[in-house]
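# Summary of structural features
Each chain, letter by letter, is given below.
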There are 2 protein chains.
Amino acid sequence: MKPTQLRTQSKFRFLISGFVAIFAVCIFSVANASDPLSSWNDGPAKKAILEFVSAVTEKGGRDYVEPAERIATFDNDGTLWVEYPMYTQVLFAFDRVKKLAPQHPEWKIKQPFKALLEGDMKTVGASGMKGLMEIVMATHSGMSAAEFEKEVSDWLATTKQPRFKRPYTELIYQPQLELLDYLRANGFKTFIVSGGGIAFMRPISEKTYGIPPEQVVGSSVVAEFQVKDGKPELVRMPKIDFINDKAGKPVGIYQHIGRPPILAFGNSDSDMQMIEYTMAGEGRRLGLFVHHTDAESEYAYDRKSHVGTLDKALDRAAAEGWIIVDMKKDWKKVFPEN
Amino acid sequence: MKPTQLRTQSKFRFLISGFVAIFAVCIFSVANASDPLSSWNDGPAKKAILEFVSAVTEKGGRDYVEPAERIATFDNDGTLWVEYPMYTQVLFAFDRVKKLAPQHPEWKIKQPFKALLEGDMKTVGASGMKGLMEIVMATHSGMSAAEFEKEVSDWLATTKQPRFKRPYTELIYQPQLELLDYLRANGFKTFIVSGGGIAFMRPISEKTYGIPPEQVVGSSVVAEFQVKDGKPELVRMPKIDFINDKAGKPVGIYQHIGRPPILAFGNSDSDMQMIEYTMAGEGRRLGLFVHHTDAESEYAYDRKSHVGTLDKALDRAAAEGWIIVDMKKDWKKVFPEN
């Protein structure tokens with residue numbers, strides 16, 4: 001081989017390897033660009049989501065929906081973050097009872113506070129919804145809005161979930177974060193519509209899910225505007241304002257958002273009315289439920305569960321065209337990396 | 001002059017005139033770009049707005065506010081659209097009583113309906129808040145959310161204001177439209193926070209003000225989720241849910257938006273608490289009131305008015321640093337062109 005020939009060959013090889021590298025980058029980019037839901041396994045759920053978003057965003061298409069009308073609502077507990085074995089907000093309320101106990105000597109003899117302070121969770125449980133409401137009222141009211149926000153933020157920043165040893169704000173579902181991003185990238189406005197307290201979620205919703213406080217709908221206590229020593233503030237009163245659960249969810253959506261979602265995502269029978277309301281609208285709609293089937297990566301529970309019961313919705317799903325997202329089958333991973 | 005010289009000269013002239021034209025366009029654009037509030041006269045109000053927006057958007061500046069926190073709230077009646085001599089929604093309610101009368105034979109003997117149907121407005125007025133509430137309940141509930149929305153849209157599309165002979169949705173304030181656009185262009189999220197019914201404003205808020213339904217906060221009736229013949233719908237009940245007025249405005253802001261505004265704009269004593277709440281926050285804030293002083297272009301009213309009373313707020317403004325926007329002095333024009 002002549003030196004010139006050699007040089008030409010080596011130049012050619014160099015070019016080839018360059019092309020290969022560029023080609024590889026392109027393939028990778030295309031693969032990535034074409035998979036905005038990379039933590040979702042291929043299957044009927046992922047397919048339904050991709051087809052739905054494609055249909056409602058295709059200009060001139062039969063199912064096209066104007067960006068302003070692309071409202072997507074997500075339940076929070078069990079849909080965006082872990083809710084098992086107990087709703088995070090209830091644990092927050094329990095911790096607050098312990099923290100506030102020195103200022104409430106009467107709790108030493110008053111149930112269900114007495115039982116809670118003694119660690120007798122069976123008696124707390126037996127006090128039912130009435131007992132739980134007393135605990136919630138005692139821990140969620142009687143302070144300013146700003147004070148409560150600080151309590152919530154501090155607790156969430158310092159408390160770890162016992163099994164996974166991570167803050168609750170990290171025990172969020174990676175596939176759902178991708179879905180929220182994907183929807184927003186396609187012109188959707190994403191909302192939380194939760195039975196949980198609106199003021200409990202708002203301090204972390206923007207940082208955790210990219211959902212600003214004004215796009216969080218939830219249960220609330222009555223608030224009062226008061227001017228104390230010339231300083232105006234909002235005071236949280238010991239009275240329920242609204243329970244944003246079950247049939248309350250469509251009502252919360254009506255009062256807060258003012259137009260029906262075209263996509264709604266829940267995980268329990270408490271989300272059924274929200275999904276029914278969403279699917280009842282004209283045009284193409286999508287209703288989904290997370291089914292907790294992954295005891296190893298998260299938890300497995302449904303019909304008989306004390307939290308996030310998924311029973312009637314599971315029975316009705318096929319006939320109604322609701323998508324059941326099987327956590328174990330449909331998700332590659334559950335939580336984001338540490 | 002030689003023919004060549006002539007051609008050169010004319011070419012030169014052509015070029016010059018081209019430059020002049022381009023230059024003129026540039027000047028015009030710069031003038032326009034530098035005056036986003038072209039319907040506002042130079043004066044203390046316009047100056048305060050421009051300085052405020054400049055201060056909170058200047059990165060690294062002392063008063064910088066993150067875009068997410070740039071919440072601006074506007075009252076509607078008398079702040080964004082005409083409210084004199086009577087709130088538009090009350091006129092809508094009156095018209096609905098007349099429309100519904102055939103289905104309500106009992107109104108022929110029941111006050112204040114009887115008086116209203118007979119055109120005896122003095123008796124209607126004498127029935128006070130109680131009578132007005134009866135009229136509002138009878139005309140704003142007992143139908144689905146979708147039906148009510150259609151009623152409102154149809155009425156607003158077909159009804160003209162008696163003096164100006166234009167639909168109410170055209171009797172909006174041009175300077176405020178410019179301000180809303182200017183704020184949004186500077187990263188603000190704009191909200192309506194009105195004593196009026198949330199469901200009365202939402203059908204027109206996006207088209208009229210560029211404010212989507214989910215950014216409208218207002219008074220509401222209780223709604224119920226019902227499934228009728230297999231069809232889910234929201235039914236408006238004859239019961240007040242929330243009155244978003246006076247001390248209710250900061251509460252409505254808390255429940256709906258979840259963070260305080262940094263700019264609030266009202267026009268009456270009913271907006272005073274919203275402005276107080278806004279100004280009480282840390283960092284730079286701006287509170288403004290429209291003062292209706294232009295009897296020729298719109299109306300002139302304040303302390304003794306039966307609608308949009310501006311009395312205490314007018315007295316307190318100077319000491320509190322609230323900006324009083326004098327409609328006649330501060331605005332070049334009131335309504336948009338036909």
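For the structure given in this document, a descriptive report is provided here. Just so it is clear, the structure is predicted and the values come from calculations on it, not from any experiment. (Residues numbered from 1 in each chain as written. Chains lettered and ligands numbered in written order. Predicted model: local features only at pLDDT ≥ 70, side-chain atom pairs only at ≥ 80, totals over all residues. Heavy atoms only, no water.)

Take unusual backbone geometry next. Of note, the amide linkage connecting Y84 of chain B to P85 of chain B takes the cis form, showing an omega dihedral of 0°. Tracing the chain through its elements places P85 of chain B in the loop between β1 (71-74) and α3 (88-100). Following Q111 of chain B, the chain continues into P112 of chain B via a peptide bond in cis, with omega recorded as 0°. Looking at the secondary structure, you find P112 of chain B in the loop between α3 and α4 (113-117). At K165 of chain A, a residue that is not glycine, the phi angle is positive and equals roughly 55°. By the element assignment, K165 of chain A lies in the loop between α7 (145-158) and α8 (174-185). Here the phi dihedral of D229 of chain B falls at roughly 50°; this positive angle occurs in a residue that is not glycine. Taking the relative accessible area as the measure of exposure, D229 of chain B reaches 85% and is therefore exposed. (Helix = DSSP H or I, 4+ residues; strand = E, 2+ residues; numbered from the N terminus. Buried < 20%, exposed > 50% of the residue type's maximum accessible area, 1.4 Å probe, protein only.)

What follows covers the interface of chain B and chain A. Opposite the 36 residues of chain B that make contact, chain A presents 36 residues. In total, chain B and chain A occlude about 2,900 Å² of area from one another, counting both sides; carbon and sulfur atoms represent 55% of this. When the area that chain B buries against chain A is broken down by residue, the three leading residues are E214, F225 and Y254 of chain B, summing to 24%. The tally of links between chain B and chain A comes to six salt bridges. The salt bridge partner of K189 of chain B is E214 of chain A, with a shortest N-O separation of 2.9 Å. Every element with two or more residues in the side of chain B that touches chain A is listed here: β2 (189-197), α9 (198-209), β3 (216-228), β4 (231-242), α10 (248-256) and α11 (272-280) of chain B. Among the elements that line the side of chain B that touches chain A, the one with the most residues is β3 of chain B, at six residues. Per-class residue counts for the side of chain B that touches chain A are 21 nonpolar, six polar and nine charged. (Contact = heavy atoms within 4.5 Å. Buried area = accessible area lost by both parts, 1.4 Å probe. Salt bridge = Lys/Arg side-chain N within 4 Å of Asp/Glu carboxyl O. Nonpolar A, V, L, I, M, F, W, Y, C, P; charged D, E, K, R; others polar.)

All names here are of chain A. Helix length check: helix α6 (residues 128-140) (13 residues) gives 18 Å between terminal C-alpha atoms against 18 Å at 1.5 Å per residue, within 8%. Among all positions in α6, only G131, I135, V136, M137, T139 and H140 are buried. In the core, the buried residues of α6 are packed alongside α3 (88-100), α4 (113-117), α5 (121-126), α7, β3 (216-228) and β4 (231-242). Of the residues one or two after α6, G142 is the one with positive phi, at around 85°. (Expected span 1.5 Å × (residues − 1).)

Further remarks concern the environment of L50 of chain A. All names here are of chain A. Note that L50 resides in helix α2 (residues 44-57). Taking the C-alpha atoms as reference, L50 lies 10.0 Å from L183; in sequence the two are 133 residues apart. Among residues more than four places away in sequence, those in contact with L50 are P36, L37 and Y182.

All names here are of chain B. If you trace the backbone, E296 turns up in the loop between β6 (286-293) and β7 (300-301). As for E296 and P85, which are separated by 211 residues in sequence, their C-alpha atoms are 14 Å apart. Those residues in contact with E296 that sit more than four places away from it in its chain are R163 and K328.

Here we take up helix α9 (residues 198-209) of chain A. Residue and element names in this part refer to chain A. The element α9 is largely enclosed, with a buried count of nine among its 12 residues. What α9 keeps buried is the set I198, A199, F200, M201, R202, I204, S205, T208 and Y209. Following α9 by one or two positions, G210 adopts a phi angle in the positive range, close to 70°.

The relation between the two chain copies is a rotation about an axis coupled with a shift along that axis. Overlaying chain B on chain A yields an RMSD of 0.0 Å, the required transformation being a rotation through 180° with an accompanying axial translation of 0.0 Å. In short, the pair behaves as if placed about a two-fold rotation axis. Among all residues of chain B, the one whose C-alpha sits closest to the rotation axis is H256 of chain B, at a distance of 3.3 Å. Of the residues that chain B buries at the interface, 100% are likewise interface residues in chain A, meaning the two copies contact each other through the same surface. (Least-squares fit on C-alpha atoms with pLDDT ≥ 70 in both.)

Looking now at the packing of aromatic side chains. All names here are of chain A. Enumeration over the complete set of coordinates arrives at 34 aromatic pairs over all chains. Seen from their ring centres, W40 and W331 are 5.8 Å apart, and the 75° between their planes marks the pair as edge-to-face. With W40 in the loop between α1 (3-33) and α2 and W331 in the segment after α13 (327-330), the pair connects residues that are 291 residues apart, well separated along the chain. With a relative accessible area of 0%, W40 lands in the buried category. By relative accessible area, which is 3% here, W331 ends up buried. (Phe/Tyr/Trp six-rings, centres within 6.5 Å; stacked < 30°, edge-to-face > 60°.)

So, about the pattern of salt bridges. All chains considered together, the criterion is met by 51 salt bridges over all chains. Between K46 of chain A and D35 of chain A there is a salt bridge, with the nearest N and O atoms lying 3.0 Å from each other. With a gap of 11 residues between them, K46 of chain A in helix α2 and D35 of chain A in the loop between α1 and α2 connect regions that are remote in the sequence. Assessed through its relative accessible area of 4%, K46 of chain A is described here as buried. Among the salt bridges present, the one from E337 of chain B reaches K333 of chain B, with a minimum N-O distance of 2.6 Å. A residue is classified by how much of its surface remains accessible, and E337 of chain B, at 61% relative accessible area, is exposed. Judged by relative accessible area, which is 27%, K333 of chain B ranks as partly exposed.

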